[in-house]
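# Fold and contact review
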Amino acid sequence: MNTRSLTACLLFLSTGYASADTLPLRHGAYVGVGTGCENPPNAELRTYDGRGLGSAKAADCRGRVLSTQNDIYQIEQDCREYGSPKPERVTERATIRIDGPDRYTDLTRNGNESFRLCPGLKP
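Description of the structure in this document. Numbering of residues starts from 1 in each chain and follows the order in which that chain's sequence is written. Restriction of local features to residues with pLDDT of at least 70 applies here, the model being predicted, together with a cutoff of 80 or more for giving and counting side-chain atom pairs; totals for whole chains, interfaces and linings are based on all residues. Values reported for side chains reflect all heavy atoms of the structure, with hydrogen atoms and water molecules removed beforehand.

Below, the discussion takes up the state of the cysteines. Two cysteines form a disulfide when their sulfur atoms are joined by a covalent bond. For this text, the term disulfide refers to a pair of cysteine sulfurs within 2.5 Å. Evaluation of the coordinates by the stated rule reveals 2 disulfides. A disulfide bridge connects cysteine 37 with cysteine 118, and the sulfur atoms are separated by 1.9 Å. The S-S bond linking cysteine 37 to cysteine 118 shows a torsion near -75°; that makes this disulfide left-handed. With cysteine 37 in the loop between strand E1 (28-32) and strand E2 (45-48) and cysteine 118 in the segment after strand E8 (113-117), the pair connects residues that are 81 residues apart, well separated along the chain. Exposure is judged per residue with a 1.4 Å probe applied to protein chains only, and the accessible area is read against the type maximum: over 50% gives exposed, under 20% gives buried, and values in between give partly exposed. For cysteine 37, a relative accessible area of 27% gives the class partly exposed. Looking at cysteine 118, the relative accessible area reads 1%, which means it is buried. Here cysteine 61 is linked by a disulfide to cysteine 79, with a sulfur-sulfur distance of 2.1 Å. Its torsion about the S-S bond being 120°, the disulfide of cysteine 61 and cysteine 79 is classed as right-handed. We count a stretch as a helix when DSSP gives it H or I for four or more residues in a row; a strand needs E for two or more, and each element gets its number in order from the N terminus.

So, about the pairing of E8. Relative to E8, E1 runs antiparallel, the two sharing 3 bridges. Following the sheet pairing, valine 31 is matched in E8 by arginine 116. Should DSSP find at least two bridges between two strands, the strands are regarded as paired. As paired elements, strand E7 (residues 103-106) and E8 share 4 bridges and run antiparallel to each other. Each bridged residue has a counterpart across the sheet, and for arginine 103 the counterpart in E8 is arginine 116. Adjacent in sequence and paired antiparallel, E7 and E8 are bridged by 6 residues, among which arginine 109 carries a positive phi angle near 50°.

Right under this line is the structure:
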């Protein structure tokens, strides 16, 4: 490996954000369990694109796994947050339990919100 390639690899690895899927979930749109997949309210809609979990208030999320224990993932995400006059990037931590390849539960702040994939729903 030449010096230029080694430098490029080290620079890529030092960014701190995962290039592969952050969580073992299928990509797509998720809705709260108990909510229908047809025209769900924005508050119930989440998206996963392999880089991070987005919502109606946060998009372009780039996450990284801080730790895992069985099916519980501690993640940190850097997202573009909406709702203010000027969208800004915000970093937040979350605790996610993976209930299957198309289901997860958000345990952040003692929460217990479960979400399921809605195939065909566009994020």
